[in-house]
Structure formats: structure tokens, C-alpha cells
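# Remarks on the overall topology
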Amino acid sequence: MLGVAKDPLEHTSMYERTEEDSEGSDGEGGMGNVSRVIIRPPGVSGKAKRGQICFDAAFETGNLGKANLVGEFEYDLFLRPDTCNPRFRFWFNFTVDNVKQDQKVIFNFVNISKARNLFNSGLTPLVKSSSRPKWQRLPKKHVFYYRSPYHQNHYVLSFAFSFDKEDDVYQFALAPPYSYSRMQSYLNLIESRQQQGGEKKFTRSLLTKTLQNRNVDLITIDHVVGKVKTNRVERCVIRVIIILCRSHANASPASFMCQGFLEFLLSSHNIAKILRENFVFKIVPMVNPDGVFLGNNRCNLIGQDMNRVWQVATEFSHPEIFAIKNMLKEIDNSDSYQIDFVIDLHAHTSLHGCFMYGNTYEDVYRYERHLVFPRLFAGNAQDYASANMIFNADEKKSGCARRYCCEKLSDTVNAYTLEISMGGHYLKDGKTVALYNEEGYYRCGRNLARTFLQYYRFINVLPAPLPSEVRQKKRRPRTHNSRSRSKNRYEVKPRPKTTRSYAPISYTNLSICYDSGGSSDEGGFSPTRTVAPGSSHFSGYRNYRRVASCTMPCAGTTNQQQQLTHDQFALLRIKSGRFDLAQEPSLHDYGGKSKSQSPEKQTRFELPVNVPPKPYLSIIDLNQLTRGSLRVSSFED
Ligand SMILES: [Zn+2]
């Protein structure tokens, strides 16, 4: 059995077969992974020479069933089907060594079971080597996906590769692997960090054991302080958010997303603190540890698709799902808890971007409520692909987590599948695809956490941020950093959508809108928070629409705000007018307002002319204005 967190490149053998056994590579009827199989040209035997490639997939998450040499440079590769289920063949992860310097090869994957996938729209396999341990994408021009007449017209994925260092071990994979051991190491790490740090943020417990005796871990974050939350039916409850991940073994991107979410939630970030203090999180980071370990594409040890068996799961064949269901039922039946969300994280193999699947309800209001979270998420994530969202209630998916939870749990539960692509996401032009890397997946997890905050502010469970807080946020230097980072990656114009849309569908905008509508004459240029429209009794979705319909007037208020700022500055100019008499309006035009200024402000305005006045809301450079070259950006900086 494999040790904990070993690098796959160490070639530990999962099946502990001898080299002789594995020579034939189909010694187990094609069911096992290749285990250091050396492929020699026909008629050649004896000690392996350089260039007679050695294939290996007998390590954790490895998958390669068989390799055949079919030409001078060309190999047909067979993916190993899921254990006890021959239907699923898509995940691959294997190593190659004993190569010659500058040896060129063509690898053909000839038994892919999922004909419709992303290889025709930009996805390419990953490669790394022992001296270059960072995953890299193969260039698109070396990757081909096509129907092959040489393979009974099956779809074949071919790529050309040249080995540039003969001492290296090369590893190829469909997506960056995220193994069971890696997850265990990560949980151990954050546990020890917590012990050293002193502050207890989470507990790790064992939900159940799998058929192969691996742990199904449960991370609980339960630090709700202060009063319990009151929901719509005036019952006092603590709201619970459940995150499930990795029911499908190939969905390593989902694991990165889950880690990004967890990392953020346990951080000292303000949003994370608010979430921890107000909600209980229960996270199952790996629902299918056996399948992940075995390098399956989808199923668990006994070939069961873990996202199709929720209605029929038993303790003996699906202990993981059985235990999760029990946990959900227990929380759902509790008087002091209320499940708000069950979100199941997956990776998608045939669509780009991240997006959510939801349910449909006959109850229009429940359906409207159900639409809110994905809409808010879409506003938070640049890579969100709204076109891929589906809300359904079809029979085919009745065994999946999302459908089960919406049917069997209380009405308050919103169950979604959150998918993130194995490929990439479209850029703003709608044509170019930027392929994801690990950081992209982590970011999606962080966006998920942010969306929870936004959602609860939106339904008035959490108070809206004070205007002063929002203003501070805009000035944080970190925002600029992230802007420049994303500029490198996406080549977009100076203000990428992420930073802009990060601002909540803003309560502050609303209050500016309301305040300035009625009270600008009173000199109230500092927006105060008012009760959001439709706050108490409407469903979230109604709120949402009302907020949305406020966007236009809000846009208008920018002008009003500028007008105020302008007036204020005009006053400032007047105050300092004694130093600069050229073409200024006379003081009594603004007499009424000058009285309303506080003494403190007046002293600030009475500065010598060569010292620029201290900025308040924003600065308009009148010298520029008179020269007709006022830049709009001066309002935004
Ligand atoms: Zn899935």
C-alpha cells in the first residue's frame, strides 16, 4: 500500500507486481494499471535499451491500462476503465521514462469513452518532468482529437511529444491530480497550523470509512457568536452551509476549488471572519476517496457512480453517501439548525467556465429564491458562464445530490451543483479560451465564499456594510495588485470585471440613491445607510430585481455626487479666492452653503494658495477644467 503523500514520480507500485509479471501489461485482463512496462519493438528482447520507453501508472490516482507500439514512433494507449465499471474511461495519469535524448513520440489514446469533450475546444493534456515539477499544458498545435479510421472510427486523442532530457521521468495527466494523500496532508497541515496558531477555527472529524477503509473526513466550522438567526417563519435557528466535493474521482479541479474555499474561510480575512461568526460550515472535501485513490474516472471501488445513487445508497455499498445523508437528515430535523445550502463541487469535461446547476420548483417563490445565489455568483466571478447554467428536475438526475436534497430536505434548502471546467473559460471577446491552472481553481473557491457574504447581506441576514467600510475597501492597495495580476493573465482593459463586479449589488449605491434623491439640497453628501428596499418580507429574488432596477438611477447619482463634489470644491475655491481672483464666481452665490460647513472644514479650506487643499471626496483640478481637459478618472482614483 502506498505511503502518505508520496510523489507519484517515485514509482511506488500499487499492485506490487514484479517487473516480469508486468511485461505483458495485460496480465490482469487489462484491468490493472501498467506497472513499469517497457515497450520493445517486435522481436527484440533482453535488457531494456535507452529509448525503449517504460510506462508506469501503478501509483495513486494513476491510470493507464496498456501501451502498444504501433509504428516507429507511435504508441496506442488504452485507458483503464473504472474498477467494476467498464463504461467510464477518460481520466489518465501516467509516467514515462528510459527515453533517449530528443526522442520523438506520438501517443494515441484510443479508447476514450466520452466522445464529447473539450479536446476539440482548446483543452490539452498536462505534462511535467522530474526536473520541471510544475504542470504545463501541451501546445495546442501538437494535440489532435478526431475520428480515426484505423481505430474502427472511434474518437482518438493524439499528441506529439519530444523528450528533451533523457534522465527525466515525464508525467502526463488530464488535469492536475489531487490525490487522497494530498488531501490528507493538507488537512494535517491546517490542523497543525491551528494547533500552533492557538485560535481554534475548525474541527476535523471522521464521517465514515470507505470500503477500502479510507477516511471520509468532515471539516466543521462552528463559531456562531451572539444571537441565533431568525428566519422567515420566526424560528430561531443557526444557518448551516454544506459543501461536498469530489464524488467523481476525476474531478481534481473541484478539489482545488474546495481547498481555495477552505483556505479562505479559515483565513483572517474580514469576510471569512464574518462568515465564521454567523454560519456553520460543514465540508466533506472528498466524498469518494477510494475512486480517487484508484485513479478511476468517475466511480467508487465497486463501480458505483456516487452522484447517481443518493436515492438508493446503502451502508454496505455506498457508506460515504449513506453517512452524508444521515448527517444532512439530522441537521435538517434539528430545531436549532437550518440547512441553507448544499453545494456539490464538480469538474466539467465538456463545457468551459464555472457555472451552477440548480433545480426547478412548482412554487414560483421558491424557484425565484433558488435563482438568487447563482446570479450573485455570476457577478463575482469573471469566469462564470451563465449560458451553461441549467435548472431542471428531470428523472435522469434524480439520484444526484442536488436532486435528492431538494426533494427530501426542508424547503429552506438550496441545493446546487457547482461545476468548474477541466478546460478553461472564455475571455471577454467570447472566442479566446484561457485554460485554468491551479490558481484559477483556488480563486473560484474564494469567489464562492465571497458570494455567501453577498447573499446573506442581500436577504438581510447580515447587515449591509457601512459606507465608510466600502470606501476603505476601494482604496486598498491589494485591489490594484490583483488588477495587475489579472492583466497579465487575461490581457483585458485597465478595469477587469472582477474588481468592478466585486462590489455587492450595492446597498451603498442604493442608499446614495435614496439619500441624494431627497436630501442633496440639505448638503448631505455623505451617504447614510437606509433600509434596503423590500427588506423584510420579500423573497430574495424580488429584492434582487428591485436592486437591479435601481442600477440606472444609481448611475445617475454619480452625476449628482459629482455635482455635490463640484459645489463643495467651488466653495473651497471661493474660500481660497482671496488668493486667486481670476474669473471666480462671487461668494454670495454660495452663501447658504458656506454656513453649513463645520468650523473644522473652514479652517482646512483657508490654506495658502500654493499648498493644495486636502482632498475630501475627490478632487477636481479646476486648472484642468478651465483648460478643457478634465479627466473623468480623477473621480475614480
Ligand atoms: Zn462530476
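Residues numbered from 1 in each chain as written. Predicted model: local features only at pLDDT ≥ 70, side-chain atom pairs only at ≥ 80, totals over all residues.

### Notes on the overall build of the chain
Note the cut-off: Strands are runs of DSSP state E lasting at least 2 residues, helices are runs of H or I lasting at least 4, and numbering of each runs from the N terminus. Partly exposed residues are those falling between the two cut-offs: more than 12 but fewer than 20 other C-beta atoms within 10 Å of their own, whereas 20 or more means buried and 12 or fewer means exposed, with C-beta atoms placed from the backbone.
Assigned secondary structure in the chain consists of 19 helices and 22 strands. Out of the 637 residues belonging to the chain, those deemed buried represent 40%.

### Side note on the UniProt feature "active site" (unreviewed entry) in the chain
The condition is simple: UniProt positions are given in the numbering used here, feature names are shortened, and annotations may be inferred rather than shown by experiment. By definition, residues are in contact whenever their C-beta atoms, placed on the basis of the backbone, come within 7 Å of each other.
UniProt marks Glu419 with the feature "active site" (unreviewed entry), using the numbering shown here. Mapped onto the elements, Glu419 comes out in strand S20 (residues 414–421). Classification of Glu419 by C-beta neighbours within 10 Å gives buried; the count is 26. Ignoring anything within four residues of it in the chain, the contact list for Glu419 reads His346, Ala347, His348, Cys354, Phe355 and Tyr357.

### Quick word on the sheet that holds strand S3 (residues 66–69)
Defined as follows: Strands are treated as partners if at least two bridges between them are detected by DSSP. In this analysis, axes come from line fits to C-alpha atoms, helices being fitted only over the stretch in contact, and the angle between any two N-to-C directions falls in the range 0 to 180 degrees.
With respect to topology, five strands assemble into an open sheet ordered S3-S4-S6-S10-S9, the strand pairing being mixed. Each edge of the open sheet carries a strand with a single partner, namely S3 and strand S9 (143–148). Geometrically, the sheet is characterised by an average inter-axis angle of 25° between neighbouring strands, direction not taken into account. Note: strand S6 (residues 103–109) against strand S10 (residues 154–163), seven bridges, orientation antiparallel. Within S10, the position partnered with Phe107 by the bridge is Phe159.

### Considering unusual backbone geometry
The phi dihedral of Asn98 is positive, around 60°, even though this residue is not glycine. Here Asn98 is to be found in the loop between strand S5 (93–97) and S6. In this structure Asn98 comes out as buried when scored by C-beta crowding, with 20 C-beta atoms within 10 Å. The residue Asp102 is not glycine, and still its phi comes out positive at about 60°. Mapped onto the elements, Asp102 comes out in the loop between S5 and S6.

### Describing the packing of helix H3 (residues 252–265) against helix H9 (residues 438–458)
Selection rule: By the definition adopted for this analysis, an angle is roughly parallel if under 35 degrees, roughly antiparallel if over 145, roughly perpendicular if from 65 to 115, and oblique otherwise. Handedness of each helix crossing follows the sense of rotation of the near helix against the far helix: counterclockwise by less than a right angle gives left-handed, clockwise gives right-handed.
It is the contact of H3 with H9, at a shortest axis distance of 7 Å, that shows an interaxial angle of 50°. Judged by the inter-axis angle, H3 sits oblique to H9. Remark: the crossing between H3 and H9 carries right-handed chirality. Facing H3, whose interface residues are Pro253, Phe256, Met257, Cys258, Gln259, Gly260, Phe261, Phe264 and Leu265, H9 presents Glu438, Tyr441, Tyr442, Arg443, Cys444, Gly445, Arg446, Leu448 and Ala449.

### Describing the sheet that holds strand S8 (residues 132–137)
Two orientations exist for strands paired in a sheet by backbone hydrogen bonds: parallel and antiparallel. One open sheet accounts for six strands, arranged S1-S2-S5-S11-S7-S8; its pairing is antiparallel. Looking at strand neighbours, the two that pair on one side only are strand S1 (37–38) and S8, the edges of this open sheet. Sheet analysis places S5 next to strand S11 (residues 170–173), joined by four bridges and oriented antiparallel. Pairing of Asn93 across the sheet is with Ala173, part of S11.

### Focus: the pairing of strand S13 (residues 215–222)
Within a regular strand, side chains alternate between the sheet's two faces. As defined by bridge partners, strand S12 (residues 203–209) adjoins S13 across six bridges and the pair is classed as antiparallel. When the bridges of S13 are listed, Ser205 appears paired with Leu218. Between the antiparallel neighbours S12 and S13 lie five residues, among them Asn213 with a positive phi of about 70°.

### As for the nonpolar core
The condition is simple: Here, a nonpolar core means buried Ala, Val, Leu, Ile, Met, Phe, Trp, Tyr and Cys residues linked by C-beta atoms lying within 7 Å of one another. As used throughout, domain bounds are those supplied by an automatic or database domain assignment.
Ranked by internal contacts, the top residues of the largest apolar core, which has 127 residues, are Ile243, Leu244, Leu265 and Val342. Element by element, the count of residues in this core is highest for H9, at nine residues. If you count residues domain by domain, this core takes at least three from each of domain 1 (37–173) and domain 2 (180–459).

### Remarks on helix H2 (residues 180–197)
So the rule is basically this: Here a helix's expected span is defined as the number of its residues, less one, multiplied by 1.5 Å. Throughout, the arc means that of the directions going from the helix axis to the C-beta atoms.
Taking 1.5 Å of rise per residue, 18 residues should cover 26 Å, and H2 covers 25 Å from first to last C-alpha, within 8% of that figure. For H2, the full list of buried residues reads Tyr180, Ser181 and Met183. An end-on view of H2 places all buried positions within 160° of arc, on one side of the element. In this structure, H2 carries Leu189, Ser192, Arg193, Gln196 and Gly197 as exposed residues pointing more than 90 degrees from its buried face. Check the buried side of H2 and you find it contacts H3 and helix H5 (289–294).

### A closer look at the environment of Arg239
Take Arg239: it is sitting in strand S15 (residues 236–245). Considered as a pair, Arg239 and Val280 are 41 residues apart in the sequence and their alpha carbons are 6.3 Å apart.

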